[in-house]
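# Overview (structure and organization)
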Amino acid sequence: MPNAVQGIWMTDDGEGRAQCKAYLAAMQADNEDAYMQLVGAEVISANMLHSYAEYGEGNFYQPKRIEKLGKQVWRITAAVGIDGSPEGQDSGTAKFKLSLIRSKLKWDMESFDGKPVDSWDAHLYFRCTAVPTGMYAS
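Residues numbered from 1 in each chain as written. Predicted model: local features only at pLDDT ≥ 70, side-chain atom pairs only at ≥ 80, totals over all residues. Heavy atoms only, no water.

Another aspect to go through is the state of the cysteines. Covalent bonding between the sulfur atoms of two cysteines is what defines a disulfide. Within this structure, the stated rule accounts for one disulfide. Covalent S-S linkage joins cysteine 20 and cysteine 128, the inter-sulfur distance amounting to 2.0 Å. Taking the sign of the S-S torsion, 90 degrees for the link of cysteine 20 and cysteine 128, the bridge is right-handed. Within this pair, whereas cysteine 20 is found in helix H1 (residues 14–28), its partner cysteine 128 is found in strand E9 (residues 123–129), the two being separated by 108 residues in sequence. Owing to a relative accessible area of 13%, cysteine 128 belongs among the buried residues under this scheme. (Disulfide = S-S within 2.5 Å. Helix = DSSP H or I, 4+ residues; strand = E, 2+ residues; numbered from the N terminus. Buried < 20%, exposed > 50% of the residue type's maximum accessible area, 1.4 Å probe, protein only.)

Shown next, in the form of structure tokens:
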């Protein structure tokens, strides 16, 4: 994934900011349950985008193709894994656009398995922090 979008992203609202603060405090206290504060976050590492759900589950998007559409805009075609890496499972292919707008991440889902996605709202996130070293194998 492009360096510019790597990090832990929370929803750009009061709830997301409180969630980020709680996550950072738990990490600083070396609380082993800090990951529970990531529910609803988008965790983007060099090789994976993880839509974080409870207990580390959720959708995992492994990029297969990255197209640069503009200065801070990319279209990603990714294999999708449900509750784990897409490797070894056939959960489909997603195409989405990531844009950085004034340091905010906008994520627009475009299609899943070649079918347009019309029920997806564009989501806006702020970068809470970097992805901790070792959180995902690269």
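Let us keep going from here.
Here we come to the environment of arginine 127. Inspection of the secondary structure assignment puts arginine 127 in strand E9. Given the relative accessible area of 37%, arginine 127 is considered partly exposed. Taking the C-alpha atoms as reference points, arginine 127 and aspartate 12, 115 residues apart in sequence, are found 8.9 Å from one another. When neighbours within four sequence positions are excluded, arginine 127 is seen to be in contact with Ala4, Val5, Gln6, Gly7, Ile8 and Trp9. Within the structure, the side chain of arginine 127 is placed 2.8 Å from the backbone oxygen of alanine 4, a separation counted as a polar contact. Here the side chain of arginine 127 touches glutamine 6 through a polar contact of 2.3 Å, landing on its backbone oxygen. (Contact = heavy atoms within 4.5 Å. Polar contact = N/O pair within 3.5 Å; in protein donor to acceptor, adjacent residues only side chain to side chain.)

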